[in-house]
Structure formats: structure tokens, C-alpha cells
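The lines below spell out each chain.
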Amino acid sequence: MVIVNSEGHVLKDYISFGSGEPTAHEYHSFVLYHNNSPRWSELLKLPIPVDKFRGAHIRFEFRHCSTKEKGEKKLFGFSFIPLMQEDGRTFPDGTHELIVHKCEENTVFQDSCRYLKLPFLKGNQHGNNNQAVKTTKESFWITSFLCSTKLTQNGDMLDLLKWRMHPDKIPGCLSKLKEIDGSEIVKFLQDTLDTLFGILNESSQKYASKVFDCLVHIINLLQDSKFQHFKPVMDTYIEGHFSGALAYRDLIKVLKWYVDRIIEAERQEHIQEVLKAQEYIFKYIVQSRKLFAFATGGQNEEEFRCSIQELLMSIRFFLSKESKGASALAQSQAVFLNSFPAVYSELLKLFDVREVAKMVHDTLGSLPTVMHADDALQDIKLQCIAKTVESELYSNPGKKITISALLGTSECSCID
């Protein structure tokens, strides 16, 4: 077995037999004596760099070994398989039945273009030219598995990452993101986020809502225990790689749009997903605003403050509505209260502690003051207050809001 690049040259030192073993440029199997159906079951690793992956293929050569003849073994057939498909996807994981093409014993493979036009998989007998396959009776089976953070086998993910090449596919790509396996999304987390904010930056009027929904899906995906360890990757991206200086406008606008429709919505599952993701949505809003302020010397500060206040007013309105414990609205209120304390530290990056304390007081104080003792929302509210007391608002050496203010008294007082 050898690996051949797009120019027909054998790639050297990219076949590994295991950890600690030296790499090689070709693999020779052991010889099976008097066996017409050999089964090797060899495990090989091919650490091929991404820049050499495209256009490369693996070639398997079959030779007859005889104790009577000395010298080079007689070549009687070969199989091959490209590492990447024409659309840019790598060959899918799984077991593949390759065609064994018969050839003469003196065949040389200097010009790989000649046989690359032949079919290589059983069940796919259509070649790119008129050359007939001499035999399809024999088969050669291989099992492949891709392990990469740069290559994908998912066509929808590939279309999304290459959105600039096919802008007409953007709506479909954004819609299909939720159907892509989570492990594939986290593998390309930074590239996916760059794509989403690139689309938002260039076509916010057309795709702001779809991009927002995709972002919410990714944020909630990282809440899953299976992918929680990718949260630091998201944090690092926000702090060091995110460059959407204008994104905060669209994020605030779409978030407010969802909040304004909570009360009237018959089904609130998606809105609750949005509320669960509010911590990271605010992280993106705050970081985006910081980037914009740094680039412009603090322009549009008043406009930003007004948009935040309008968003909070919409939140307070939906929190103020009385709801019964099992209702969809009550569940949405509970989801909001569970995740709201995580937003404080983000707001403190742009507002002083007195301003944030006033925002928190007014927001929590908008809840109905009279609740039944057995109302589950009462417990959630008390838990939210407990998290508030443990937050930076109370550890901050500046002003702090009092417990009585959070519990709903008419006055908002602050203590040193």
C-alpha cells in the first residue's frame, strides 16, 4: 500500500504502524500461504497534512508470491481509493468494497491519471472514460475512520463553511445547521462561529434572525454534558478571535424581538432555548460593543444604552405577567430567572455597579409581588436572589443593592 499525491508521486513517511513506531512510505503485508481469500486485519494510521490531503489517493497492489520464483513478485491486480471526494468532503467512515482491477505483471504506475479515471468502488461502475473494467469478480475490503479537526465528511457543514463560494445556499445551510451532528459542530467551532458572524456582517437584514437561531443552538449545544468541555473554546473565541464589532446591534434587536413575543406565543420551547442562552448572547453583545467602542472612540454610546434599556423593559413586561405554576409563561419566566444572574458580570464590563444594580433591581422587582406559597416560581425567584447576593454586585467594593430591594419593596436603596 502506498499514498499517492495529485501529481502521481508517492508521499513518503505518512504511513504509521502505531505510536512510537517509525513512519514509512509504503506498507507490505505478511504473506498468506495457499489462501484464496486473505484477511489481513491490519490497522494503519495515515497522518497526512491537510495541504497534501486534497487530490491524494491510496493505492493497493496485489502480487503473487511463489517459492519457485526468486526476484520481484508478480503483480496481478490493484485497487485504489481517493481520500477526498470531488465536492471537498473526505471519504465517509465505514467499510468500503473496492474493485480489484487486473493488470499485467510488468505494469508500472508512473502515470496515475490513467487509472484514476476508472471506477474504484463496487456498485459504482461508471468511470470517467470508455475504459472497461476487466474484472469485477474480486473485491478488496477496507474500513476507514477519519480523525481530524480540519476535514469534514458532512456536506451541509462543508457548504456552510464555504458560504462565500455559494451565497445562494446560505438560507439552506443555516436551516440545516441544527441537523448536523453536535460533534461535527464543536470540531469546527471557531470556523462555524466565524462563518455565522461573517454572514451577519455582510447580510444582516436578510439573515440576522437565522444566524441568531444558529448561535443559540450552538450555545445550548455546549450545555450538554457531552460537549461542556468545549465551553473554554467558546470563551477563548469571544475574547481573542471574535471580531464582529457591529454584531451587538442585531443580537439585541433579535433578542428583543423574541422577548416581545413571549406572552402571545402558543409554543415557547424555542423562546426558552433563547433564554437559556442569554449568558453567552450577552457575552457576544458586550464584546461586540467593546470592539466597536475601541474602533470608533466610543461612538453611539447613548444609542447602545437606550437599546439595552429597551431590551430590559421588554423583559420586565413579560416578567410582570401573572402566571400559574405549570403554564408555559411561568416556565419561560423560570428559565429566564435561572440564567439571568450569569449576565451581571457581563453588564459590569460596560456599566458601573450602581447602574447594573438598578437594572437588576428593576428587573427582579417587576415580578408579581404576591405569589402563592406553593408557587414554584417563588422558589426560582429566591434562588435567583441568592445567586445575586453571591455575584460581583455584592463582592464589588462599590455600591450594592439591598436584599429588601430585591424582594420587591417599593424603594431601591443602596449601601456602601
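This report concerns the structure included in the present document. (Residues numbered from 1 in each chain as written. Predicted model: local features only at pLDDT ≥ 70, side-chain atom pairs only at ≥ 80, totals over all residues. Heavy atoms only, no water.)

**As for the overall build of the chain**
- Helix and strand counts for the chain stand at 18 helices and 8 strands.
- Classification of the 416 residues of the chain by burial places 43% in the buried group.
- Counting only contacts in the chain whose residues sit at least 6 apart along the sequence, the fraction spanning at least 24 positions is 65%.
- Per element, the accessible surface of the chain, about 23,100 Å² overall, is 50% carbon and sulfur. (Helix = DSSP H or I, 4+ residues; strand = E, 2+ residues; numbered from the N terminus. Buried < 20%, exposed > 50% of the residue type's maximum accessible area, 1.4 Å probe, protein only. Contact = heavy atoms within 4.5 Å. Areas by Shrake-Rupley, 256 points an atom, 1.4 Å probe, with all protein chains shown as cover.)

**Concerning the pattern of salt bridges**
- One pass over the structure, following the stated rule, counts 17 salt bridges.
- Glu-346 is the partner of Lys-349 in a salt bridge, and the nearest nitrogen-oxygen pair spans 3.2 Å.
- Residues participating in the shared-partner salt-bridge network are Arg-289, Glu-301, Arg-305 and Glu-355. (Salt bridge = Lys/Arg side-chain N within 4 Å of Asp/Glu carboxyl O.)

**Things to note about the side chain of Thr-363**
- Summarising the element assignment, Thr-363 is placed in helix α15 (residues 353-364).
- Engagement of the side chain of Thr-363 in a polar contact is seen with the side chain of Arg-316, the distance being 3.4 Å.
- Setting aside residues no more than four positions away along its own chain, Thr-363 makes contact with Leu-312, Ile-315, Arg-316, Leu-319, Phe-336 and Phe-340. (Polar contact = N/O pair within 3.5 Å; in protein donor to acceptor, adjacent residues only side chain to side chain.)

**Some points on the packing of aromatic side chains**
- If you walk through the whole model with that rule in mind, you get 23 aromatic pairs.
- With a centroid separation of 4.7 Å and an interplanar angle of 65 degrees, the aromatic rings of Phe-197 and Phe-242 are classed as edge-to-face. Of the two residues, Phe-197 sits in helix α6 (residues 189-202) while Phe-242 sits in the loop between α8 (231-240) and α9 (247-260), which places them 45 residues apart along the sequence. Across the pair, exposure class does not vary: Phe-197 and Phe-242 are buried alike.
- Here the aromatic residues Phe-78, Phe-80, Phe-91, Phe-109, Tyr-115 and Phe-120 are joined through ring pairs into a cluster of three or more. (Phe/Tyr/Trp six-rings, centres within 6.5 Å; stacked < 30°, edge-to-face > 60°.)

**Comments concerning the environment of Tyr-33**
- Considering the arrangement of structural elements, one finds Tyr-33 in the loop between β1 (2-4) and α1 (50-53).
- Once the C-alpha coordinates of Tyr-33 and Ser-66 are considered, the two residues, 33 residues apart in sequence, prove to be 9.4 Å apart.

**Focus on the sheet that holds strand β5 (residues 101-102)**
- The sheet built from 4 strands is open, its strands ordered β1-β2-β3-β5 with antiparallel pairing. Looking at strand neighbours, the two that pair on one side only are β1 and β5, the edges of this open sheet.
- Bridge count between strand β2 (residues 57-64) and strand β3 (residues 74-82): 8 bridges; the pairing is antiparallel. From the neighbouring strand, Arg-59 faces β3, where its bridge partner is Phe-80. (Pairing = 2+ DSSP bridges.)

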